Structures are given as structure tokens and as C-alpha cells.
Amino acid sequence: NERYNARESEPKWQAKWDEAKIFATRNDDPRPKYYVLEMFPYPSGRIHMGHVRNYTMGDVVARTMRARGHNVLHPMGWDAFGLPAENAAIERKVAPKAWTYANIAAMKKQLQTMGLSLDWAREFATCDPTYYKHQQKMFLDFLKAGLAERETRKLNWDPVDMTVLANEQVIDGRGWRSGAVVEQREMNQWVFKITRYAQELLDALETLDRWPDKVRLMQRNWIGRSEGLLVRFALDSATTPAGETELKIFTTRPDTLFGAKFMAIAADHPLAQAAAAKDPKIAAFVEDCKKRGTAQAEIDTAEKLGIDTGIRALHPFDPNWRIPVYVANFVLMEYGTGAIFGCPAHDQRDLDFVNKYQLGNTPVVCPEGQDPSSFVITDEAYDGDGRLINSRFLDGMSIAEAKEDVAKRLETATLGNAPVGERKVNFRLRDWGISRQRYWGCPIPVIHCEVCGVVPVPDKDLPVVLPEDVSFDKPGNALDHHPTWKHTACPQCGAKATRETDTMDTFVDSSWYFARFTDPWNENAPTTPDVVNRMLPVDQYIGGVEHAILHLLYSRFFTRAMKATGHIGLDEPFRGMFTQGMVVHETYRKADGMFASPAEVAIVAEGDGRRATLLDDGTPIEIGPIEKMSKSKRNTVDPDDIIGSYGADTARWFMLSDSPPDRDVIWSEEGVKGASRFVQRLWRMINDAAEIAKAAPAARPDAFGPEALAVRKAAHGALDKVLSGIERLAFNVSLAHIREFSNSLGEALARPGAASPDVAPDLAWAIREGAVILVQLFHPMMPHLAEECWAALGQPGLVSEALWPQIERDLLLEDSITLPVQVNGKKRGEVTVARDANNPEIEAAVLALDAVRQALDGKPVRKVIVVPQRIVNVVG
Ligand code: ANZ
Ligand code: ZN
């Protein structure tokens, strides 16, 4: 037999699939639909190993579901707007559009070498005007429905990049790219009202039982529902700036009110502003706070700082108890009311704070079993369960009882004419700010008119197309700098007006692409209702865990907003979600401390270990830790190189073989070589089987001898186990079963009885069946090799189109069976017999048991009752 030549075989089969259009999905196909989707790529220019892993997994699911008789939708497109295109324009003087489409072309070519079963007819890029036109239309629909609004917000402004930054993009108070000190600016921007669905988005997580628990938990935390109490504290007028009489706080721990030691307000709280106006020291502190980063991680780690305003608040249960009011850097204006009471004994932040400013603490919750008089807090706050102490009328209550008691009392107490306390559910989730001061994004389709205000662009004028003649000579938004683009006439009154020059957050583009894939040909509307409702939800979505929060949450919101505006008929877009692990690789360090790339390194086995040398000159180098593939560590492997030297099938097989798919996979040359050897082994085995299969009768034999039966059992067992592995996305388990089955088929082929031409017809038939099943089983992972093997076995058509055979359940049953044995109604033992043993055989085996003979104690046997497959009863 010749060696299998992937380099010849792979392009050949890709062309055949293409020609026969076998992966084109028809929306009116009557078979049950199955929609499998991998997160679409950003067209950075080249695919990386993470893509290879992601798309291989999706392809295995797609090909398997096709083989199981489904109408599979498996599309691909491009998440094509975003900042890198503008950076390329600045650095390399290529237009963002040209750069993006060139990258798309290059990456598409690379993807096509992977042999993915994609319906390329549905391909689009989010920067196609034929896509973003519909996004603009939906924006206007959302606007009409009150789901898009303008809001003045304080935003992180990068004065060098001249753009707004997300909190995550502010690091140590500086812009992540420019390194410039970030300013807080009040800006008008567009938001989507995701908070309207906060409760619903939270509740529906319960229904997503095919999502990873950790992803649901991340979403839950992001939405951040908390039940608490708003409490209005009266202020001591003698200490308070004119006009201020009360301070309203939000707390989730009203039970700890008697442990209060201070109040704290955000730097931009109106009371802080009033205090700053009177005291330059406070003003300076307030200014300083505003400069700091607003990212949560930063607030959590920064030192807790504050300044006493001199203002005193009165305890709601004791007007003589005066509590100092501080401005503090850890209180956010954007959450709750921007003010808190601090209970240091039971909140770590508050404890750090009082320890710094020597305000003391009083524990008010004592753990069960602890003596309250000896319960002291020094530098670790206690946030566990317990009973109330030092809390007057609350003493002895549980936390829940105390919370309820305080809420009830404060709801009925009044300050001025209004209640002091009010129960309140708070969400951490903010509305989604979508305005970006960037050129390469979807234009927000509104016009600003001095007379009419904000005027939507009329439907007939959509899309608002990005101009291509832009210059990036100045920092900031090239769209805004364009000499003519923004100048227009008001669609309502005809007066001179300007277009909105902000574009949409690119997360908007990716929040509905999965819906567009169902009918990307519809020119008149984003979706075609009967089609989108039939093809959605996505049955299996696969992507990186880095998108587990925002992208998924925004897509879930968008689906609801599309439903509210009549574009879709469901709430949840993704029925199954899977987050894959990363591709990691060991690192190599040269003597000078620089990294060497895997391509520059030779690995040699040495004793039990491995040694690395430079290919160039053989100098030994250090094998460093295994890390995520990254350019900076130079430990990336280029998919093109791997596919070029081993073939796509080998790469695909190795990607899936070693690790559970949600864990990191270690890419290694040795591993790839092992996969490559397996490819050759399968090829030889199938050719051998094809020889034997020639002797097989066309019709299925009536009976199978033990050897043939063993082959058939292994084949159907594998069919069952491989399928159930794929259904659970436990690809590595499926691959192990394929290997196991290939081993047993290999053994059968090697037995003397299998040698042609004297092979028994039943065995030849079973071997042919087994070989066909083996090819079908590895086809989802190694489709090109499978086609070649399919042809070698003389099977009709393409394996990519073939249905998997029905699993014959009888073949899955074990050969023997163990039955409990009773004597006169009492269990005395067990008997193991052949599954197909007849009653006399079973009776004989039972009566031969020592335990039965002892139980009978010499009495004669009157009757033996065999309940088939269940139990044996001996009556003595
Ligand atoms: C008193 C107290 C005592 C609190 C105690 C906690 C523990 P979640 O669960 O996240 O909603 N808080 C309220 N508004 C805040 C703001 N704008 N910036 C910073 N912290 C704020 O957290 C609610 C708790 O976070 C509230 O309950 C409040 O502190 C604080 F032993 O009130 B607590
Ligand atoms: Zn107007």
C-alpha cells in the first residue's frame, strides 16, 4: 500500500464538496434543523491555533449531526469592524476597508484548507453595508420602542487617542493603548436599555441548562441583583451646607445598622460637591478621586482613602447618635445612591477604612457558639452567619430576622413626610453605552438639527454609508474630520443639520449576526420571520470563555429587543453553549534570555526527559513553562505550516485527542507526529479491510460466528460510545473510543482466519461493516482521509453525505448476565450465566451453587422459577 498523501487528497476532496454543494443548507429542508455556530472571527489577517481548535469542534458537531439525519446550518462570517483596521490605516497607510477585506480573503483561504463543512453561501462581513443597513434599521426601531436612548454619562476619555474607553481599558488611570492619563468627561451618548431586561435576563439563566454553570454564574454576577433597603439619614443641620438635609444610602445589610461607624459618599455625590465648595482640602481630595481609574478591579485593590466632611448624620434609631460623613474613594456614584453607611466589623472594605482613620468597630453579628463578650474584630471582618448582638431590640435575632425587622420599622418611620426606609432591588448591570468616537464602525443613523433636535434618518435613506475617502492624519474620529460627510439637511425641516459621527460599539455587530445567518439574502429586513424562528435558536454555540459575559449577555438582550420590535419570535438565542480551552505550547529560552520559536528548535528525547537545541547550530536551550500561545513568547505555531506539512486531518485529530475540550490543550510536535502516524495506520487498515471485504457476500448473512460477532459488537459499541461522546462534546472521549475500535478491528484483520481468500463469508461481511463504520466514525474529525477510505472501500457517494448506520442495540448487550438467586423467598446468592442461556441451563447452574445447597439443607427441590433476565427463585 502507498502512504496516504494528505497534500494531494485534501484539496481534491475540498473541491468535490464544493462542486457538489453538499454543505449548502436549505431553509425549507424538511429534516429537523440543527444550528451549530462557532464565534465568528475578527479578520486580523491570519488564523491562529485557537481558531483551528474552535472550528474543528464545531465541524465535528456539524458533520455528526448531518450524519444523524439533521438539516445542519453551519455558517461563517466576519466580525469586521473595530479599531485594528484604523491602526493599520495609521501605521501602514492602507484604508480600513481595503485592509479588512484583504484580511478576510486571506483568512478565508486558510479556513478552506481545514476542510470545514461550512455553508459559505451565507458568508457576510459586519462591515458590508448590506449587513449594517439592517443594524441601522433596528437601531431606529429600538429608538422608537424606547430601547435606545440618549444619556449623559461620565465616561473615561483618552485625550491622546481621543476616544472613550471602557472601564476595562483604563489601567492605573491610564489608557490601555496610549498610556495617557484618562479624564472623566460628561458626554452625551447612545445607550441600549438592557437594564429593562435585567430581571428577565437573570431569571432565564435557569432555563439554559445546556450552558456551562460557570458561564451562567458569570452572567449572574454581572447582572448583580441585590435586595436591600434605601435609608434616608437626617443630617445634623449645624454641620451641614445650606440646602442639604438628608443623606440617602443603599444597603444590603440593614441588620448591621447598630454597627455603623461612618457614612461614606462618592466624590461626585452632590453632598461632596457642596462640602468641597466650602473646604479646599475636600475639593483637592475630590479632584484626586476623579482622576483615578474606575475599573472594578482597581477600586478593589486601591488603598481605601477618605476625608471627613465635618458633616454629621443622625442614626435612624437614635437621634442622639451622630455619625461622621466621609468622602471615600471606594464609593461609586453609579451604584445604589452613591452613599453608604459603613459597618467595619462586617465588611472588609469598611474595616480597612476605619483602621486607617481610627474610627473603631463594634461587632453586631456573633457566630453561633461563640461567646459575644469575647468576640472581637481586629483586621478581619466577619461576614458569616450568626445572631445579633450589641443591637438593642435586634439582639438575639438571626440576620434574616433582623433585616426584616429593620425594614419594617424604617418603612413606617418618617422623615419629613416620607418613609425613612424603602425596600429596593438593585442591579449592578448598567445600560449598554454603544457610542464610539471611531470611524470603522456602523454609523448611528441619526441627524442633529438645531430646530428639531435628534432626527432619525428615514428608512429610505438607509444605509448611512461610511465614506471611503477618509484621512487619519489627525487623532480622533476620522468620520468627524471628514470635510463633507456629516453635513446634511434635516429630513424633517430641511434646515442645515449634521450627522451623528459616533459609530456603534462593535459588540452590536456581533449581537445578532447569528440571526442574520438564517437568511442573509433578505435585502428588505434584518430577518425573515418564519425562517429565523424556524432556524433559531443556535443549538450549539462554541467560543472562547473571554466572551462569556458581554457578548452573550448583549446577544441575549438583542434577541429580546428584536422580539419587542418584531424581528424575531424568541427570547434566548443560544440553546447550547460551550466554552473551549486555549491552545498552549511550551516556551524556549536561548542563553541570551530571548525566546526561540518552536520552528527554530529541535527536541530530542534523553533518558526519561527531553532536551532542546537550536536547529541552526545545535546549541542547547532551555525548555520553559507551557503558556498560552502568544507572539510575545514566540510560542505560536502557524496553522498553515502544520497543515502544509501534516495535513488538516492530522491537525484536527490532534486538536481533539489529548485534552477535554474545555481545558487547555498542549500543542506539541511529538503529539502531532503521533496523530500523523495514526492517520497512516488507519489508511493501511482500511486498505487491508477493503481486500477482505471483496470476499463479503452482498446480503447480510443470517448468522455470525464468534469472530464475526466480536467484530460487530466492537463496531456497534463504538458507534454508540462515539456518538454519546460527541453529544456531550467530550470529543477526547470519542476519539479514545475510535482508537480502541481501530485496535480491535486491527486485531481481527491480523488473525489467520481473516486472511483472504479463505476468509469465512460472515467474517468478511462483518469486517466490511466494521471498516465502513470506522470510516464513518472518524469522518467528522478527519473528513479528507475518510473520503479517501470510503472510496477505497468501494462505498457509493461521499462519506460527508452518508448517514450513520442504526446502532443495533442487541449487539451492545453484554454476553453474560448476573441474576439474584432466592431460596424460599430469601436472597441467598447470585448466578452468572450466558445471556442467552435457556432455563434448564440456568436451573443447573443455580442448583450447583453452594449457597443454595446450604439453604436447602438437604430438603428436595420442589420447583425452580426463572423470571427471565430478572431473578431465579428456588422453592424447597
Ligand atoms: C452597609 C453594610 C454593612 C454593607 C455590611 C455591606 C456589609 P451589593 O451586594 O453589591 O449590592 N454599597 C452600596 N452602594 C455602594 C456604592 N455606590 N459604592 C460602594 N459600595 C456601595 O453591595 C451592597 C453593599 O455595598 C451595601 O451594603 C453597601 O454596604 C455597599 F456589613 O451597607 B452595605
Ligand atoms: Zn429640523
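Here is a short report on the structure shown in this document. Just so you know, these numbers come straight off a predicted model, no measurement behind them. (Residues numbered from 1 in each chain as written. Chains lettered and ligands numbered in written order. Predicted model: local features only at pLDDT ≥ 70, side-chain atom pairs only at ≥ 80, totals over all residues. Heavy atoms only, no water.)

## What to know about the sheet that holds strand β7 (residues 183–192)
Pairing in this open sheet of four strands is antiparallel, and the strands run β4-β3-β7-β19 from one edge to the other. The sheet is open, and its two borders are formed by β4 (163–165) and β19 (432–433), each paired with just one other strand. In this structure, strand β3 (residues 148–158) lies alongside β4, joined through three bridges in antiparallel fashion. Looking at the pairing, Asp158 lines up with Thr163 of β4. In the packing of helix α5 (residues 129–144) onto the sheet, contacts are made with β3 and β7, and the angle to β7 comes to roughly 90 degrees. (Pairing = 2+ DSSP bridges. Helix = DSSP H or I, 4+ residues; strand = E, 2+ residues; numbered from the N terminus. Contact = heavy atoms within 4.5 Å. Axes fitted to C-alpha atoms, helices over the stretch in contact; angles between N-to-C directions.)

## Focus: unusual backbone geometry
Going from Leu462 to Pro463, the amide bond is cis rather than trans, its omega being 0 degrees. Omega for the bond connecting Leu536 with Pro537 falls within 30 degrees of zero, at 0 degrees, which places this linkage in the cis form. Topologically, Pro537 is positioned in the loop between α16 (529–535) and β26 (540–544). Positive phi is not limited to glycine here, since Lys21 has a value of about 50 degrees. By secondary structure assignment, the location of Lys21 is in the loop between α1 (6–20) and β1 (33–38). In this structure Lys21 comes out as exposed when scored by relative accessible area, which is 60%. Positioned with a positive phi, Asn390 is a non-glycine residue whose angle comes to about 50 degrees. (Buried < 20%, exposed > 50% of the residue type's maximum accessible area, 1.4 Å probe, protein only.)

## Some points on the pattern of salt bridges
Here the structure, examined in full by the defined rule, presents 57 salt bridges. In this structure, Glu246 engages Arg232 in a salt bridge whose closest nitrogen and oxygen atoms are separated by 2.8 Å. With a gap of 14 residues between them, Glu246 in strand β9 (residues 246–251) and Arg232 in strand β8 (residues 225–235) connect regions that are remote in the sequence. You can call Glu246 partly exposed: its relative accessible area is 29%. (Salt bridge = Lys/Arg side-chain N within 4 Å of Asp/Glu carboxyl O.)

## Some remarks on the packing of aromatic side chains
Summed over the entire model, instances satisfying the criterion amount to 42 aromatic pairs. Geometrically, the ring pair formed by Phe81 and Trp440 is edge-to-face, given 5.0 Å between the ring centres and 80 degrees between the ring planes. In this pair, Phe81 sits in the loop between β2 (71–73) and α3 (83–92) while Trp440 sits in the loop between β20 (435–436) and β21 (446–449), placing the two residues 359 residues apart along the sequence. For Phe81, a relative accessible area of 2% puts it in the buried group. Residue classification places Trp440 among the buried positions, given a relative accessible area of 4%. Here a set of aromatic residues connected by ring pairs shows up, and it is made of Phe139, Phe142, Trp190, Phe192, Tyr197, Trp432, Phe507, Tyr554, Phe557 and Phe558. (Phe/Tyr/Trp six-rings, centres within 6.5 Å; stacked < 30°, edge-to-face > 60°.)

## Describing the nonpolar core
One finds Phe139, Phe192, Tyr513, Phe558, Trp667 and Phe778 to be the most contacted residues of the largest nonpolar core, which totals 176 residues. In terms of residues, this core owes the most to one element, helix α23 (residues 761–778), which gives 12 residues. When near neighbours in sequence (up to four residues on either side) are disregarded, Phe558 contacts Met138, Phe142, Phe192, Trp432, Val508, Ser511 and Trp512. With 42 residues, the next largest nonpolar core counts Phe258, Phe285, Cys343 and Val365 among its residues. (Core = buried A, V, L, I, M, F, W, Y, C linked by side-chain atoms within 4.5 Å.)

## Observations concerning the side chain of Arg560
Inspection of the secondary structure assignment puts Arg560 in helix α17 (residues 550–564). Ignoring any residue separated from it by four or fewer positions in sequence, one finds Arg560 in contact with Tyr197, Glu200, Leu201, Ala204, Asp571 and Glu572.

## Considering the site of ligand 1
Near ligand 1 you find 18 residues, and of these Ser226, Thr251, Leu332, Tyr335 and Arg428 are the closest. Here Thr251 contributes a side-chain N or O atom positioned 2.7 Å from an oxygen atom of ligand 1. Between Thr252 and ligand 1, the recorded distance is 3.1 Å, taken from a backbone N or O atom to an oxygen atom. About the coverage of ligand 1: the protein hides 87% of its 640 Å² of free accessible area. Listing elements by their share of the shell around ligand 1, those giving two or more residues are β9 and β13 (339–342). Looking at the shell around ligand 1 residue by residue, the classes come out as eight nonpolar, six polar and four charged. (Near = heavy atom within 4 Å. Polar contact = N/O pair within 3.5 Å; in protein donor to acceptor, adjacent residues only side chain to side chain. Areas by Shrake-Rupley, 256 points an atom, 1.4 Å probe, with all protein chains shown as cover. Nonpolar A, V, L, I, M, F, W, Y, C, P; charged D, E, K, R; others polar.)

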